[in-house]
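Notes for the structure review
Take a look at the letters that make up each chain.
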Amino acid sequence: MTAGSRILDLIFPRRCAICDEITDGTGELVCRKCQSKIIYMKEPVCMKCGKQLKRQEQEYCRDCEKGRHVYIRGTALYDYGSMADSIFRFKYAGRMEYASFYGRDLFEKKANWLSVVRPDVLLPVPAHSSRKRKRGYNQAELIARELAGHLGIPVNTTLMERVKKTRPLKNQTHEERQNNLKRAFKIRQNDVKLNTIVIIDDIYTTGSTIDAMATVLRKAGITEIYFMALTIGRGI
């Protein structure tokens, strides 16, 4: 840490990305007492979406057994329940600085996964222009840029845009989500030659958003589509 960074930490002390209190060490992104509160995804996980499974003999969660996804495979870092408050503040309370912790943690835990996939670019889930203006930022883009800074993989924010302002998805059924997301995304750059993409999002629930994007990307000729989510719900 540079002297300038130390001075900034003294003037503007960092807040823990988990509890939002001032961290107990200069430059720390999470305070020590909160490190044990984080629940990471660990085996067994769904071979398709990465949700936590209960039994070692399971290969897929119930959602992935019932329906087919357009993407190839995905992975996630945290159990959503353990990070719900943190994600809420990150998305709705302007805690953009949490992205530094998220990006570093994704890099440390998922670099090997990304080295196998070998994406050409990271593609953050686009936010509708009106929502981005209201919030001031796209949380998926912040995560992607922090992760990319550790990896050296470019972030592409011009390939795709969200042209439909969708209703909040959290209380909708899978079918309602699919209908809500129809024609929500479109390609902006048809001249970009990409083969492998990792879509970056903050929360994975049913995969409807990733599938909607993947459908449009496949029509544009991009065949290898994966996703990486910061948090994910549990499988059954």
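1. Here's the deal with the packing of helix α5 (residues 98-117) against helix α7 (residues 139-151)
- The contact between α5 and α7 brings their axes to 8 Å, and the two run at 55°. On the basis of the axis angle, α5 is oblique to α7. Between α5 and α7 the crossing geometry is right-handed. Contact residues: α5 offers Ala 99, Ser 100, Tyr 102, Gly 103, Arg 104, Leu 106, Phe 107 and Leu 114, while α7 offers Leu 142, Ile 143, Glu 146, Leu 147, His 150 and Leu 151.

2. Looking at the packing of aromatic side chains
- On inspection of all chains with the given rule, the structure shows nine aromatic pairs.
- On the basis of an interplanar angle of 85° and a centroid distance of 5.0 Å, the ring pair of Phe 90 and Tyr 102 is categorised as edge-to-face. Taken as a pair, Phe 90 in helix α4 (residues 80-92) and Tyr 102 in helix α5 lie far apart in primary sequence, 12 residues in all. With respect to burial, Phe 90 and Tyr 102 carry one shared label: buried.
- Ring geometry for Trp 113 and Tyr 226: centres 6.1 Å apart, planes at 85°, overall edge-to-face. Pair noted here: Trp 113 is in helix α5 and Tyr 226 is in strand β6 (residues 224-232), with a separation of 113 residues, a long-range link. Like Trp 113, the residue Tyr 226 is buried in the burial classification.

3. Quick look at the sheet that holds strand β2 (residues 121-124)
- Strand order in the open sheet formed by four strands is β1-β6-β5-β2, with parallel pairing between adjacent strands. In the strand order of this sheet, the two ends are held by β1 (73-79) and β2, each with one partner. On average, adjacent strands in this sheet sit at an angle of 25° to one another, irrespective of strand direction.
- Both strand β5 (residues 196-204) and β6 contribute to a ladder of eight bridges, which runs parallel. Looking at β6, one finds that Ile 203 is bridged to Thr 231.
- Across the face of the sheet, α5 comes into contact with β1, β5 and β6 while running at roughly 150° to β1.

4. Some words on the state of the cysteines
- Applying the stated criterion across every chain, the model contains zero disulfides.
- With no disulfide of its own, Cys 16 lies 3.6 Å from the sulfur of Cys 31, the closest cysteine sulfur.
- Cysteine Cys 49 remains unbridged, with the sulfur of Cys 61 as its closest cysteine sulfur at 3.7 Å.

The rules we used
Residues numbered from 1 in each chain as written. Predicted model: local features only at pLDDT ≥ 70, side-chain atom pairs only at ≥ 80, totals over all residues. Heavy atoms only, no water. Axes fitted to C-alpha atoms, helices over the stretch in contact; angles between N-to-C directions. Helix = DSSP H or I, 4+ residues; strand = E, 2+ residues; numbered from the N terminus. Parallel < 35°, antiparallel > 145°, perpendicular 65-115°, else oblique. Left-handed = near helix turned anticlockwise from the far one by under 90°. Contact = heavy atoms within 4.5 Å. Phe/Tyr/Trp six-rings, centres within 6.5 Å; stacked < 30°, edge-to-face > 60°. Buried < 20%, exposed > 50% of the residue type's maximum accessible area, 1.4 Å probe, protein only. Pairing = 2+ DSSP bridges. Disulfide = S-S within 2.5 Å.

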